[in-house]
Amino acid sequence: MSEPVQDPTPEAPEREEEREGTAFVQVTRRRAPRFRSFALTGLLLAFVVSGAIAITTPPSDGYSQQALFGYLFCSLGLVFVLLGALVAVLADRRTGTRAQPRRRSRKRPGV
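Residues numbered from 1 in each chain as written. Predicted model: local features only at pLDDT ≥ 70, side-chain atom pairs only at ≥ 80, totals over all residues. Heavy atoms only, no water.

*Asks:* Account for the environment of arginine 36, with residues named and values stated.
*Replies:* Along the chain, arginine 36 turns up in helix α1 (residues 35-56). Exposure remark for arginine 36: the relative accessible area of 67% places this residue in the exposed category. For the pair arginine 36 and valine 81, spaced 45 residues apart in sequence, the C-alpha to C-alpha distance is 9.5 Å. (Helix = DSSP H or I, 4+ residues; strand = E, 2+ residues; numbered from the N terminus. Buried < 20%, exposed > 50% of the residue type's maximum accessible area, 1.4 Å probe, protein only.)

This is the structure in structure tokens:
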């Protein structure tokens, strides 16, 4: 009978692609809180608190509830944004992870 036909070229061994001029550097990612999120949360909280106070307080002495809300929102907004940023700074310091200085990689000969 007939024998199976073999490919005249043997299988070439797979080789890894070697890239010249690249080096791997170990990088440590620093997990830090997002300051903008904390500040916006403080602003949202100031909006809710100002609205609650303006709704529950009756208008008096020429100030309407809308004016009271505006004044409260401006003043409480500033305070709560600063408090949110302070909480973010304290959370950042509490994590205790600091970025480490990068080490120089050894240059390979011939690169």
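*Asks:* Can you explain the UniProt feature "transmembrane region" (unreviewed entry) in the protein chain? Please cite residues and give values.
*Replies:* According to UniProt, the "transmembrane region" (unreviewed entry) feature falls on residues 38-56 and 68-91. Helix makes up 100% of residues 38-56 and strand 0%, with an end-to-end C-alpha separation of 27 Å. Measuring from the first to the last C-alpha atom of residues 68-91 gives 33 Å, for a span that is 100% helix and 0% strand. (UniProt positions renumbered as here; feature names shortened; annotations may be inferred.)

*Asks:* Give me the lowdown on the packing of α1 against helix α2 (residues 65-95), citing residues and values where you can.
*Replies:* As a packed pair, α1 and α2 sit with axes 6 Å apart at the nearest point and diverge in direction by 150 degrees. Between α1 and α2, the crossing angle belongs to the class labelled roughly antiparallel. Viewed along their axes, α1 and α2 form a crossing whose handedness is right-handed. In terms of residue class, the contact of α1 with α2 is built from 22 nonpolar, 6 polar and 1 charged. (Axes fitted to C-alpha atoms, helices over the stretch in contact; angles between N-to-C directions. Parallel < 35°, antiparallel > 145°, perpendicular 65-115°, else oblique. Left-handed = near helix turned anticlockwise from the far one by under 90°. Nonpolar A, V, L, I, M, F, W, Y, C, P; charged D, E, K, R; others polar.)

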